[in-house]
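# Geometric and topological summary
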Amino acid sequence: MMGKQQIHQSRNMVGIGASLVLGTLLSVYSLILLWPQGNNYDSVKIRIPVGASLKEAGKVLFDQNIINNERSFMLAVKMMGYEKDLPAGRFRLAGARTNYAIINQLVHGLPVQRRITIYEGWSIKNVASELEKTLGIKAQEFIDLCSNQLLLWRLGIDGDSFEGYLFPETYYFDENARPVDIIKRLVKEYQNNFTEDMRTELNEMGMTEKEIVTLASIIEGEAMYDVERPIISGVYHNRLNKGMLLQADPTIQYILEDGPRRLLNKDLKIKSPYNTYLNSGLPPGPINNPGFESIKAAMNPAETDFIYFVARGDGYHAFSKTQSEHNSAKRKFQRIRREARRIKSKIK
């Protein structure tokens, strides 16, 4: 049997051995995590493809000279427990010269974002084109998703598409943002702006939210300056109340395959539910995505007797109460435009 002294010595040896093993493991752990990868970038952008494996991510970093030892990098990722958690996307690495710094910034850093401005009056097609140019999202994929009935239902939109509900604003999106996430963000911004007080006011007006957004989109298509939006709204409210055709040119532009362009008489005869020269009342839905000023104007029309208006050519309009006044204004501004074209041709 071992004596007490021998037992004590044995325990000391086990403790020393365990400490040595632990110390060795910590040293190896630290060595791998702090392994210098040899890059001299103060700042560098990197893109990890969606669905990339750890080995593929390491290859991307190696090919861009961010790491020079793939094996130590992959081992470090596994040690930190991020083997299946390396995110996809485009990232900016700042002063990341060790395995730990590179991995930490990939996992906890913010992806590089792109600034995108959705302008008032843009249609879904305009938005899709901008997303394709800025984020590489296929335009047709975005357009098709904007008519997805299940998504419309989930987001509480009453319509055949998201036309009218992609709120104009400046946004920042990750470079790997999905079309569905972009739609959700734009629609949420619309819903944040269209308050419950506004919905209560709608009930008092006897109009639905869809009708107001539709009217706002027409106002958006007509008005260039905020000061005119309530007056234009007043004209359309007057025409609706009198049972008159809206005869809104923006609704014709919406159905043109080669628009926007100068309208011809034959365009006014195009058969479409959106043609307000042929169909009474509002079109079936919005014709663009209106800004808040146009929505506000649609809900707060100016009290006026005007039922006509014509573009003056400077961004403003001439408003009239009668057909004869309107015809006179049209002739006047047609002469002005013809004279402007004549002078312009002489200068050329």
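The structure reproduced in this document is the subject of the present report. These numbers come from a predicted model, not from an experiment.

### Some thoughts on unusual backbone geometry
The peptide bond linking glycine 259 to proline 260 adopts the cis configuration, its omega dihedral lying at -5 degrees. Mapping proline 260 onto the fold places it in the loop between helix H12 (249-255) and helix H13 (292-299). One non-glycine residue, asparagine 65, adopts positive backbone phi at about 60 degrees. For asparagine 65, the position within the fold is in the loop between helix H2 (54-63) and helix H3 (70-79). A positive phi angle is found at glutamine 247, which is not glycine, with a value near 50 degrees. Along the polypeptide, glutamine 247 turns up in the loop between helix H11 (229-242) and H12. In this structure glutamine 247 comes out as partly exposed when scored by relative accessible area, which is 35%.

### Re the side chain of histidine 317
One can find histidine 317 in strand E6 (residues 317-320). Classification of histidine 317 by relative accessible area gives buried; the value is 9%. Engagement of the side chain of histidine 317 in a polar contact is seen with the side chain of glutamate 228, the distance being 2.6 Å. In this structure, histidine 317 is in contact with Glu222, Glu228, Ile232, Phe309, Val310, Ala311 and Arg312, ignoring residues within four places of it in sequence.

### What to know about a nonpolar patch on the surface
A cluster of nonpolar side chains, namely Met224, Tyr225, Val227 and Tyr316, defines an oily patch on the protein surface of about 380 Å² accessible area. Relative to the helices and strands, methionine 224 resides in the loop between helix H10 (209-222) and H11. For methionine 224, a relative accessible area of 54% puts it in the exposed group.

The rules we used
- Residues numbered from 1 in each chain as written.
- Predicted model: local features only at pLDDT ≥ 70, side-chain atom pairs only at ≥ 80, totals over all residues.
- Heavy atoms only, no water.
- Helix = DSSP H or I, 4+ residues; strand = E, 2+ residues; numbered from the N terminus.
- Buried < 20%, exposed > 50% of the residue type's maximum accessible area, 1.4 Å probe, protein only.
- Polar contact = N/O pair within 3.5 Å; in protein donor to acceptor, adjacent residues only side chain to side chain.
- Contact = heavy atoms within 4.5 Å.
- Patch = residues over 30% accessible without salt bridge, like charges linked within 9 Å, V, L, I, M, F, W, Y side chains within 5 Å.
- Areas by Shrake-Rupley, 256 points an atom, 1.4 Å probe, with all protein chains shown as cover.
- Salt bridge = Lys/Arg side-chain N within 4 Å of Asp/Glu carboxyl O.

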